[in-house]
Amino acid sequence: MLKSLHFYRMLLHHAIKYEYGGWRVWVDTLAIVHSKVSYEEFKLQFNTMYEKYERRRADNVADPKARAQRY
């Protein structure tokens, strides 16, 4: 985490000091980071939801009586 923050600090410094319109580089970088973090959060939530779904599925239960009780 600390290395990535150091990298962003260096990127911001370079963008503002040496690039024309360098703030756009920083905004684009933040947008990319935000999209990656959002996607990872989505994957975690989706996996949790799918695991809950798998636990509740009736066809995973071999015993017909237990299967009937699930519904």
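Not measured: the values here are computed from a predicted model.

## Focus on the overall build of the protein
So, point 1. Counting secondary structure elements, the protein contains three helices and zero strands.
So, point 2. Helices and strands in the protein line up, N terminus first, as α-α-α.
So, point 3. Classification of the 71 residues of the protein by burial places 10% in the buried group.
So, point 4. In the form shown here, the protein has an accessible surface area of approximately 6700 Å², with 62% of it arising from carbon and sulfur atoms.

## A closer look at the side chain of T29
So, point 1. Along the chain, the position of T29 falls in helix α2 (residues 22–56).
So, point 2. Taking the relative accessible area as the measure of exposure, T29 reaches 13% and is therefore buried.
So, point 3. In this view, T29 contacts Y8 and L11; residues no more than four positions away in its chain are not counted.

## A look at the packing of aromatic side chains
Geometry of an aromatic ring pair is reported as the spacing of the ring centres plus the angle between the planes.
So, point 1. Counted by the stated rule, this structure contains three aromatic pairs.
So, point 2. Measuring from centroid to centroid gives 6.0 Å for Y50 and Y53, while their planes differ by 40°, and the two rings are tilted. On the criterion of helical spacing, the pair formed by Y50 and Y53 is a turn pair, its members being three residues apart in helix α2.
So, point 3. Overall, the relative accessible area of 44% leaves Y50 in the partly exposed class.
So, point 4. According to the relative accessible area criterion, Y53 is partly exposed, its value standing at 47%.
So, point 5. Pairwise contacts between aromatic rings join Y39, F42 and F46 into one cluster.

## A short note on a nonpolar patch on the surface
So, point 1. On the surface, a nonpolar cluster with roughly 680 Å² of combined accessible area is contributed by Y39, F42, F46, M49, Y50 and Y53.
So, point 2. Note on placement: M49 falls in helix α2.
So, point 3. Looking at M49, the relative accessible area reads 51%, which means it is exposed.

## Regarding the confidence of the model for the protein
So, point 1. Per-residue confidence for the protein gives a mean pLDDT of 80, with 80% of residues at or over 70.
So, point 2. Across the protein, α2 holds the top mean pLDDT of 88, while helix α3 (residues 64–69) sits lowest at 68.

Rules of the game
Residues numbered from 1 in each chain as written. Predicted model: local features only at pLDDT ≥ 70, side-chain atom pairs only at ≥ 80, totals over all residues. Heavy atoms only, no water. Helix = DSSP H or I, 4+ residues; strand = E, 2+ residues; numbered from the N terminus. Buried < 20%, exposed > 50% of the residue type's maximum accessible area, 1.4 Å probe, protein only. Areas by Shrake-Rupley, 256 points an atom, 1.4 Å probe, with all protein chains shown as cover. Contact = heavy atoms within 4.5 Å. Phe/Tyr/Trp six-rings, centres within 6.5 Å; stacked < 30°, edge-to-face > 60°. Patch = residues over 30% accessible without salt bridge, like charges linked within 9 Å, V, L, I, M, F, W, Y side chains within 5 Å. Salt bridge = Lys/Arg side-chain N within 4 Å of Asp/Glu carboxyl O. pLDDT = per-residue confidence, 0-100.

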